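Summary of the model geometry
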Amino acid sequence: MADPSSRPEATPTVPYWHAYVDQDGVSRQKRCALTAFEQKSMSGAAPQWNDTLSMGPSGVTICVLPVGWVGDWHENPKPQWIIPLSGRWFVETMDGTRVEMGVGEISFGEDQDCTADHEGHVGHRSGTLGDVPCVQMIVQLDITPTVDEPGHWI
């Protein structure tokens, strides 16, 4: 029987939602995927699949959104990766797209510099779903936001 560790593995694909701003200043969401994985060692450990997205300065925050929490219309403070660790939440963008996410579903918030719509909405609104708080890990990046480039990490 062949050693399972010697079988070639397919390069992984990791999906995420990208909240971005189009050229008209409207926030939108698009389903994208990380695909630039390379198999290599980190600090001498066995090789693993890595897709390094940004090596610049960043900050990590753990957030607990209470049951019933709603963050009315606002922009992400910086381009940031948002990963729910427990609970569920939603993000609704100005184009009317509403995405509901749970544990491990990744979102990239990059909706800075939106133009207010006729109702004064700018960016997105978000909130918790269900009867438990939503615990999130947020990784904020010190990068310049892009415009109309959903999935630009590819």
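Given the structure is predicted, the values throughout are model-derived calculations rather than measurements.

A sheet is described by the order of its strands in space; here six strands give the open sequence β2-β1-β10-β7-β12-β5, paired in mixed fashion. The open sheet has two edge strands with one neighbour each: β2 (27–34) and β5 (58–65). Each adjacent strand pair in this sheet contributes to an overall mean axis angle of 25°, direction not counted. As defined by bridge partners, strand β7 (residues 80–86) adjoins strand β10 (residues 106–110) across three bridges and the pair is classed as antiparallel. When the sheet's bridge partners are listed, Gln80 is paired in β10 with Gly109.

Glancing now at the sheet that holds strand β8 (residues 88–93). Spatial ordering of the open sheet is given by β6-β11-β8-β9, a layout of four strands whose pairing is antiparallel. Both edges of this open sheet fall to β6 (70–74) and β9 (98–101), since each of them pairs with a single strand only. Here the strands of the sheet are splayed against their neighbours by 15° on average, with no regard to which way each runs. Sheet topology note: the β6/strand β11 (residues 124–129) ladder contains three bridges and is antiparallel. Residue His74 lies in a different strand from β11, and its bridge partner there is His124.

Looking now at the nonpolar core. Listed in full, the 11 residues of the largest apolar core are Tyr16, Cys32, Leu34, Phe37, Trp81, Ile83, Ile106, Phe108, Val139, Leu141 and Trp153. Residues in contact with Val139, not counting those within four places in the same chain, are Ser58, Gly59, Val60, Pro79, Gln80 and Trp81. Of all hydrophobic cores here, the second largest spans 10 residues; its members include Leu65, Trp89, Val91 and Cys134.

Here we take up the confidence of the model for the chain. The pLDDT averaged across the chain works out to 88; a share of 92% of its residues lies at or above 70. Looking at the elements of the chain, mean pLDDT is at its lowest for strand β4 (residues 48–50), recorded as 78, and at its highest for β9, recorded as 98. With pLDDT under 50 throughout, residues 1–7 is counted as low confidence; its partners more than four residues away or in other chains account for zero contacts.

We now examine the state of the cysteines. Simply put, the disulfide is a covalent bond whose two ends are the sulfur atoms of two cysteines. Within this structure, the stated rule accounts for zero disulfides. Unpaired in this structure, Cys63 has its nearest cysteine sulfur neighbour in Cys134, at a distance of 9.4 Å. Free of any disulfide, Cys114 has its nearest cysteine sulfur in Cys32, 16 Å distant.

With that settled, the discussion passes to the pattern of salt bridges. In this structure the tally under the stated criterion is five salt bridges. A salt bridge links Arg28 to Asp95; the shortest N-O distance between them is 3.5 Å. With Arg28 in strand β2 and Asp95 in the loop between β8 and β9, this pair connects stretches of sequence that are 67 residues apart. A salt bridge links Glu92 to Arg125; the nearest nitrogen and oxygen atoms lie 3.2 Å apart. Separated by 33 residues along the polypeptide, Glu92 in strand β8 and Arg125 in strand β11 bring together distant segments of the chain. Three or more residues joined by partner-sharing salt bridges are found here, namely Asp22, Arg28 and Asp95.

On the surface, Val60, Ile62 and Leu85 cluster together to form a nonpolar patch covering roughly 290 Å² of accessible area. Among the structural elements, Ile62 can be located in strand β5. Judged by its relative accessible area of 52%, Ile62 is exposed.

Parameters and conventions
- Starting afresh in each chain, residues are numbered from 1 along the sequence in its written order.
- Confidence filtering applies because this is a predicted model: local features only for residues at pLDDT of at least 70, side-chain atom pairs given and counted only at 80 or more, and all residues used for totals across whole chains, interfaces and linings.
- Only hydrogens and water are set aside; all other atoms, that is, all heavy atoms of the structure, feed into the side-chain values.
- By this definition, two strands are paired if DSSP reports at least two bridges between them.
- Secondary structure is summarised from DSSP: a helix means a run of H or I of at least four residues, a strand means a run of E of at least two, and numbering begins at the N terminus for each.
- Helix axes are fitted only over the stretch in contact, all axes being lines through C-alpha atoms; the angle between N-to-C directions runs from 0 to 180 degrees.
- To qualify as a nonpolar core, a set must consist of buried Ala, Val, Leu, Ile, Met, Phe, Trp, Tyr and Cys residues joined through side-chain atoms within 4.5 Å.
- Throughout, exposure labels follow a simple rule: accessible area from a 1.4 Å probe, protein chains only, divided by the maximum for the residue type, with under 20% read as buried, over 50% as exposed, and the rest as partly exposed.
- Two residues form a contact once any of their heavy atoms are found within 4.5 Å.
- The predictor attaches a confidence to each residue, called pLDDT, with possible values from 0 through 100.
- Note on terminology: disulfide denotes any pair of cysteine sulfur atoms within 2.5 Å.
- The term salt bridge refers to a pairing of a side-chain nitrogen on Lys or Arg with a carboxyl oxygen on Asp or Glu at a separation within 4 Å.
- Residues qualify for a patch when their relative accessible area is over 30% and they have no salt bridge, like charges being joined within 9 Å and the nonpolar side chains of Val, Leu, Ile, Met, Phe, Trp and Tyr within 5 Å.
- Using the Shrake-Rupley algorithm and a 1.4 Å probe, accessible areas are obtained, with residue cover drawn only from the displayed protein chains.

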